[in-house]
Amino acid sequence: RCMRSVQETGGAWSPEAVLTECDLHCHSQALGLMAKLMCSTAPPSERLHPQDCAEIYKLGIKDSGIYTIQPDLHRPPLEAKCDMETAGGGWTVVQNRHDGSLNFNRTWQEYREGFGSPQGEHWLGNAALHALTSTGQHQLRIELEDWHHQRRHATYNNFKVMMDEDGFAREYSGDAGNALSYSKRYNHDGRSFSTADRDNDRYAAGNCGQYYGTGWWFDACLAANLNGRYYRGRYSGVTNGIYWGTWYILTDGRTGERYSFKKVEMKTRPRNFSGTS
């Protein structure tokens with residue numbers, strides 16, 4: 001509505017100028033209350049915010065940062081980190097780990113609604129993931145960094161999270177290896193999301209989410225687990241760290257130690273998105 005009102009003045013405008021103008025209005029307490037009142041009567045078919053970061057990019061806004069998006073018309077808008085630079089930009093970041101400040105051992109409901117902050121470590125939410133990927137074809141990009149500053153990535157050209165939160169990731173490319181389709185027993189593609197309080201995995205002898213203390217698309221149990229516990233490099237005991245089995249081996253045969261990554265980021269965008277090269 002604010003953007004339309006600026007357009008109706010007849011003057012030349014840019015998306016950046018409009019956003020600044022709207023931002024100033026939103027900081028007015030009186031106008032903020034009026035805006036809430038107007039939004040409460042808006043029909044559910046009217047989108048008040050861009051659906052994802054790809055839409056924001058198409059508006060001409062090409063700076064990475066935190067933006068408001070609304071993946072689902074029937075749910076409130078939310079803040080998301082947008083990567084407008086990597087591989088053409090337009091990426092909506094759905095998971096970020098970089099310092100271990102956030103505990104990822106959460107309930108099914110917390111994973112569904114999301115937790116943390118896009119300014120730091122966070123999980124955007126399985127409900128938002130479903131809304132973002134429910135129409136058309138989408139990509140998933142996973143970026144990993146080890147404790148020696150080496151970076152690798154895995155991209156899946158066919159990514160979808162279903163309403164029941166089953167996850168599909170196919171058509172791999174990249175240099176980190178396809179850990180999501182590691183082997184017959186450790187195949188995360190097409191698996192149901194599991195947490196400690198909701199066991200949907202294919203491990204008949206127990207609960208992978210409970211055993212590894214996290215939520216993920218487990219098989220029986222894992223070749224990849226990007227929501228694992230944050231360790232500073234090598235650790236021993238249960239393999240419950242941030243793990244990607246096609247880059248670092250599961251266990252060092254000489255020392256018996258495991259390896260956990262320093263940084264990981266998951267992001268998605270429409271497959272047909274065309275940004276800068």
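This text follows the structure it describes.
To start, this report covers the structure provided alongside it. (Residues numbered from 1 in each chain as written. Predicted model: local features only at pLDDT ≥ 70, side-chain atom pairs only at ≥ 80, totals over all residues. Heavy atoms only, no water.)

### Concerning the pairing of strand E2 (residues 78–83)
Stage number 1. Here five bridges tie strand E1 (residues 65–69) to E2, and the two strands are oriented antiparallel to one another. When the bridges of E2 are listed, Gly-65 appears paired with Cys-82.
Stage number 2. Pairing geometry for E2 and strand E3 (residues 91–97), over two bridges, is antiparallel. If you follow Asp-83 over to E3, its bridge partner there is Trp-91. (Pairing = 2+ DSSP bridges. Helix = DSSP H or I, 4+ residues; strand = E, 2+ residues; numbered from the N terminus.)

### Observations regarding the state of the cysteines
Stage number 1. Taken as a whole and assessed by the stated rule, the structure comprises two disulfides.
Stage number 2. A sulfur-sulfur separation of 2.0 Å characterises the disulfide bridge that pairs Cys-53 with Cys-82. Disulfide Cys-53 to Cys-82: torsion about the S-S bond roughly -75°, handedness left-handed. Of this pair, Cys-53 sits in helix H4 (residues 53–58) while Cys-82 sits in strand E2, placing them 29 residues apart in sequence.
Stage number 3. Residue Cys-82 is classed as buried on the basis of its relative accessible area of 1%. (Disulfide = S-S within 2.5 Å. Buried < 20%, exposed > 50% of the residue type's maximum accessible area, 1.4 Å probe, protein only.)

### Side note on the nonpolar core
Stage number 1. Counting 53 residues, the largest nonpolar core has Trp-123, Ile-142, Leu-144, Leu-226, Trp-244 and Met-266 as the members making the most contacts within it.
Stage number 2. Those residues in contact with Leu-226, other than ones at most four positions away along the chain, are Gln-95, Arg-97, Ile-142, Leu-144, Trp-216, Ile-242, Tyr-243, Trp-244, Val-264 and Met-266. (Core = buried A, V, L, I, M, F, W, Y, C linked by side-chain atoms within 4.5 Å. Contact = heavy atoms within 4.5 Å.)

### Section: the pairing of strand E13 (residues 263–270)
Stage number 1. Burial analysis of E13 places seven of its eight residues in the buried class, the great majority of the element.
Stage number 2. Bridge analysis of E3 against E13 gives five bridges, and the strand direction is antiparallel. Residue pairing across strands places Arg-97 opposite Val-264, the latter belonging to E13.

### Observations concerning the pattern of salt bridges
Stage number 1. In this structure the tally under the stated criterion is 14 salt bridges.
Stage number 2. Residue Arg-170 pairs with Asp-189 through a salt bridge whose shortest N-O separation is 2.7 Å. Taken as a pair, Arg-170 in strand E8 (residues 167–174) and Asp-189 in the loop between E8 and helix H7 (208–212) lie far apart in primary sequence, 19 residues in all.
Stage number 3. Between Asp-252 and Arg-234 there is a salt bridge; the shortest N-O distance is 3.9 Å. (Salt bridge = Lys/Arg side-chain N within 4 Å of Asp/Glu carboxyl O.)

These values are about where atoms sit, not about what they do.
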